[in-house]
Amino acid sequence: MKIAIVGCGNMGMAFARAFLKFDLVKKEDFLLVEKSTERQESLQSFQPGVLTGLIGPQIGEYDLVILSVKPQDFAAVGTALARVVQPTQVILSIMAGIPMKTIQSTLQHQRVIRAMPNTPAMLGMGITAYAASPEVDIQQLRKIENLINATGRSVFLEDEAQLDAVTALSGSGPAYFFYLVKAMVEAGKQMGFEESVATLLVKQTMLGSYHLINNADKSLDELIKAVASKGGTTEAALQHFEEGTLGLTLAQGIHAARKRATELSKS
Ligand SMILES: NC(=O)C1=CN([C@@H]2O[C@H](COP(=O)(O)OP(=O)(O)OC[C@H]3O[C@@H](n4cnc5c(N)ncnc54)[C@H](OP(=O)(O)O)[C@@H]3O)[C@@H](O)[C@H]2O)C=CC1
Ligand SMILES: O=C(O)[C@@H]1CCC=N1
């Protein structure tokens, strides 16, 4: 399969590297379109078939075009792409917020898949939800699904509208996790630990706890209860979190992310 990637930043290249790792695409079958000259220089070591700064007619020769520019750049990219895209090509957009119908009308092109991955895709441990326009045929859909699965797990959505909520939950989710880890490491430092020791304590706690969620036959409430002894330390912390409405604040943040995705759809 020949793949063009427009916007070769964090996510575009996470996808490219995952496809390579599983031998789904050869290096020479990539066309990388990247505006930033600094990024272009670092992309040379990737040795793609073609590396360019401009969207040109050669894009029409690729089976799949991945749109991985920021949503705010889509207007400019879409206008250029509309001139060169060919009817049988598939467009795979990972841009937050931009609806399928906007992509279709801007590009005057029907075969569009809209997906929302997250950064663990870099390790093949991401989760991507995606929806497809009916014009994408089943063979094309299966091939794209294989590609997405090289980046981790995937969920097919019948209802594209759910993608803004996916963006808020799992698309942005890694940043929430890192934020929590950072806050815990800071607390460890305040209690006198070296950063490396605090980081080790927190990281291994997160890893072990993740595996407990997956393997212990207990609900989240039961898992919490198993840690929080009556009148003990955990209870003291949880009570403080409740008083500060930490859970509510987290939920409100996630709703704010979803609202922003909807705003981006109008950019
Ligand atoms: N980062 C994440 O966790 C996730 C991001 N996404 C989505 O993926 C998309 C990309 O995000 P991310 O990889 O983080 O962003 P990056 O900024 O890392 O990458 C986007 C790249 O596209 C380049 N670009 C801008 N305009 C053009 C153009 N006309 N032609 C070619 N390249 C261009 C940018 O250059 P320059 O910097 O010079 O503008 C930049 O290098 C976004 O739409 C985002 O919503 C989805 C899921 C997760
Ligand atoms: O912050 C953003 O807009 C993108 C979408 C999901 C993760 N990063």
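Residues numbered from 1 in each chain as written. Chains lettered and ligands numbered in written order. Predicted model: local features only at pLDDT ≥ 70, side-chain atom pairs only at ≥ 80, totals over all residues. Heavy atoms only, no water.

Here we come to the site of ligand 1. Taken together, 21 residues lie near ligand 1, and M11, E34, R39, V69 and K70 sit nearest. In this structure, K70 approaches ligand 1 through a side-chain N or O atom, which is 2.6 Å from an oxygen atom. Here A96 contributes a backbone N or O atom positioned 3.1 Å from an oxygen atom of ligand 1. When the free accessible area of ligand 1 is taken as 880 Å², the share hidden by the protein chains comes to 81%. Grouping the amino acids of the shell around ligand 1 by side-chain chemistry returns 10 nonpolar, six polar and five charged. (Near = heavy atom within 4 Å. Polar contact = N/O pair within 3.5 Å; in protein donor to acceptor, adjacent residues only side chain to side chain. Areas by Shrake-Rupley, 256 points an atom, 1.4 Å probe, with all protein chains shown as cover. Nonpolar A, V, L, I, M, F, W, Y, C, P; charged D, E, K, R; others polar.)

Turning our eyes to something else, we now look at the UniProt feature "domain: Pyrroline-5-carboxylate reductase catalytic N-terminal" (unreviewed entry) in the protein. In the UniProt entry, the feature "domain: Pyrroline-5-carboxylate reductase catalytic N-terminal" (unreviewed entry) is given for residues 2–97. Taken as a whole, residues 2–97 contains 29% helix and 20% strand, while its terminal C-alpha atoms sit 26 Å from one another. (UniProt positions renumbered as here; feature names shortened; annotations may be inferred. Helix = DSSP H or I, 4+ residues; strand = E, 2+ residues; numbered from the N terminus.)

One can read the domain layout of the protein as domain 1 (3–163) and domain 2 (173–264). Interface area for domain 1 against domain 2, summed over the two sides, is near 410 Å², with a carbon-plus-sulfur share of 66%. Summed over the three residues of domain 1 that lose the most area to domain 2, namely Q72, G97 and T119, the buried surface amounts to 50% of that side. Across the contact surface, domain 1 and domain 2 share zero salt bridges. Linking domain 1 with domain 2 are zero residue pairs in polar contact (both at pLDDT 80 or more). Across the side of domain 1 that touches domain 2, the residue classes break down as four nonpolar, four polar and no charged. (Domains from an automatic or database assignment. Buried area = accessible area lost by both parts, 1.4 Å probe. Salt bridge = Lys/Arg side-chain N within 4 Å of Asp/Glu carboxyl O.)

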